[in-house]
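Listed below, chain by chain, are the residues.
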Amino acid sequence: MKITSIVLNNFTNDSRVLKENSSLSNAGYDVTIVALYDNGLQEQEEINDFRVHRIKLKSRKWSKNKFVQLLKYIEFTYKVVNKYKNSDVIHCNDLDALVIGVIIKRIYNKNIKIVYDAHEYETETNALHGIQKKFVKWLEKSLIKDADAVITVSDSIANEYVKLYNIKKPSLVLNTPFYKEVKKTNLFREKFDIQDNQTIFLYQGNLGAGRGIDILLDTFKELDKKNVIIFMGYGKVDRIKELSKEYENIFFHEAVHPDILLNYTSAADFGISTIEASCLSYKYCLPNKMFEYIMAEVPVIVSDLPEMKNIVQNNHIGIIMKSNDKKGIKKAIIEAITLDQSQLKHNLQNLKKIYNWEEQEKILLKVYKE
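All values derive from a computational prediction rather than experimental measurement.

Conventions we followed
- The written sequence of each chain sets the order in which its residues are numbered from 1.
- In keeping with the model being predicted, local features are shown solely for residues with a pLDDT of at least 70 and side-chain atom pairs are shown and tallied solely at 80 or more, while totals for entire chains, interfaces and linings include all residues.
- Side-chain numbers here rest on the full set of heavy atoms in the structure, without hydrogens or water.
- Remark: exposure states derive from per-residue accessible area (1.4 Å probe, protein chains only) relative to the maximum for the residue type, with buried under 20%, exposed over 50%, and partly exposed in between.
- To qualify as a helix, a DSSP run of H or I must reach at least 4 residues; to qualify as a strand, a run of E must reach at least 2; elements of each kind are numbered from the N terminus.
- Whether two strands pair comes down to DSSP finding at least two bridges between them.
- If the strands point away from the viewer and the path from the first strand over the helix to the second runs clockwise, then the crossover is right-handed.
- Residue contacts are counted whenever heavy atoms from the two residues lie within 4.5 Å of one another.
- All axes are obtained by fitting lines to C-alpha atoms, using only the stretch in contact for helices, and the reported angles, taken between N-to-C directions, cover 0 to 180 degrees.
- Any two rings among Phe, Tyr and Trp, with Trp reduced to its six-membered ring, count as a pair given centres within 6.5 Å; such a pair is stacked if its planes are under 30 degrees apart, edge-to-face if over 60, and tilted if neither.
- Geometrically, a lysine NZ or arginine CZ counts as sitting over a ring once it is within 6 Å of the ring centre and also within 35 degrees of the ring normal.

Asker: Can you help me understand the pairing of strand S10 (residues 227–234) in this one?
Answerer: Within a regular beta strand, the side chains point alternately toward one face of the sheet and then the other, so they alternate between its two faces. Judged by how many residues are buried, S10 sits mostly within the fold: 7 of 8 residues are covered. Relative to S10, strand S9 (residues 199–206) is paired through 8 bridges, and the arrangement is parallel. Considered in S10, the bridge of Gly205 is made with Gly233. Relative to strand S11 (residues 250–254), S10 runs parallel, the two being bridged by 5 bridges. Looking across to S11, one finds that Ile230 is bridged to Phe251. Handedness of the crossover joining S10 and S11 through helix H8 (residues 238–246) is recorded here as right-handed.

See below:
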């Protein structure tokens, strides 16, 4: 079976797509990932026994206004359709790719199968407003029933799709890491000269808007140096770097390679996942960092959002903040420090046997077998 997996990025840092297609390839499927070409990247390469084809666009160097972006998308679509219309399956990563899959199915190859893999609540993101949002909602509604299978990343989003489109409940393939026994390290204490009597709180991953970064910074500015926070990742880091020079309990660490990430994660005492419910996609999210903390056996402090709350509450692996403000964070920190560490470790060790890629892979392969 020939599978073409379409992504609208250059496929250099997409762990979900990498894991999914490695699993499909290992199961015997003939897999090609189609992505966008960028300078310094290979147009054709082989990774983990599947092929990657990054498509060169003549329009790539044109301006970035919305009309020109549409022209780039049309050129990409034309080239993908022309080369991959005879595939057996089109795996559509996000709504932009679903459009391409449906064009192929309706016009060129009625026998092709479509898997729609919604990596978030596609129509309910912060980027969409007004007419654009209405158009995207109409588009997804018009196309989703052409999909032979729908996959998404949280139970809440799956339930929303059932209500909105009257479809069979999408399969859940969560963004979990591979199972790994992680030995606790002192990488942060050694690098930043953090003492044993100081508690390390870690925020890793995307440091952009909507992640509660500014609230965390303002909170730790007011805490004594017994409680330190380390921000490790990428995004808007200027304020973090500035305050790390001014305050003894605020640190910044560059993002590290995924292969060694959990070694660093394990060096923290608690992992923080503060997400602002500024849109439904954020409200219903299950961030990668949650599962990375679990795999590294690091107890968590999370925002009071339904998906994260359920995991923490049902499995007793940390604290749920009552509010996403300084008062809520301070209270959560005080409560977290008093928790029974041995019980937390026991609960995390059990939970990581459930939330790992080996278990999620079974769901993905079941979707394909059906």
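Past the structure itself, the notes keep going.
Asker: In this structure, what is going on with the sheet that holds strand S6 (residues 113–117)? I would like to understand it.
Answerer: Strands belonging to one sheet form pairs held by backbone hydrogen bonds; the direction of such a pair is parallel or antiparallel. Strand order in the open sheet formed by 8 strands is S3-S4-S2-S1-S5-S6-S7-S8, and the pairing between neighbours is mixed. Every interior strand has two partners, whereas the edge strands, strand S3 (44–47) and strand S8 (171–172), have only one. Where strand S1 (residues 2–6) lies against strand S5 (residues 89–93), 4 bridges are found, and the strand directions are parallel. From the neighbouring strand, Thr4 faces S5, where its bridge partner is Ile90. Packed on one face of the sheet, helix H1 (residues 15–26) meets S1, strand S2 (30–36), S3, strand S4 (50–55), S5, S6 and strand S7 (149–152) and runs near 160° to S2. Against the sheet, helix H5 (residues 155–165) contacts S6, S7 and S8, and its axis sits at roughly 145° relative to S7.

Asker: In this structure, what is going on with the sheet that holds S11? I would like to understand it.
Answerer: Taken in spatial order, the 6 strands line up as S11-S10-S9-S12-S13-S14 in an open sheet, and their pairing is parallel. Edge positions in the sheet fall to S11 and strand S14 (318–320), since each of these pairs with one other strand and no more. Pairs of neighbouring strands in the sheet enclose a mean axial angle of 20°, with direction left out of account. Taken strand by strand, helix H7 (residues 213–221) contacts S9, S10, S11 and strand S12 (270–273), and its axis lies near 155° from that of S10. Contacts from H8 reach S10 and S11, with the element oriented near 130° to S11.

Asker: In this structure, what is going on with the packing of aromatic side chains? I would like to understand it.
Answerer: Two aromatic rings are characterised by how far apart their centres lie and by the angle between their planes. This model, assessed by the stated rule, comprises 12 aromatic pairs. Note on Phe201 and Phe270: the rings are 5.4 Å apart at their centroids and 15° apart in plane angle, and the pair reads as stacked. Taken together, the positions of Phe201 in strand S9 and Phe270 in strand S12 put the pair 69 residues apart, joining distant regions of the chain. Phe270 carries the same exposure label as Phe201, and that label is buried. Following the ring pairs from residue to residue traces out a cluster consisting of Tyr121, Tyr161, Tyr165 and Tyr284. Sitting over the face of the ring of Tyr37, Lys56 holds its NZ or CZ atom 4.9 Å from the ring centroid. Positioned above the aromatic ring of Tyr179, the side-chain terminus of Lys352 is 5.3 Å from the ring centre.

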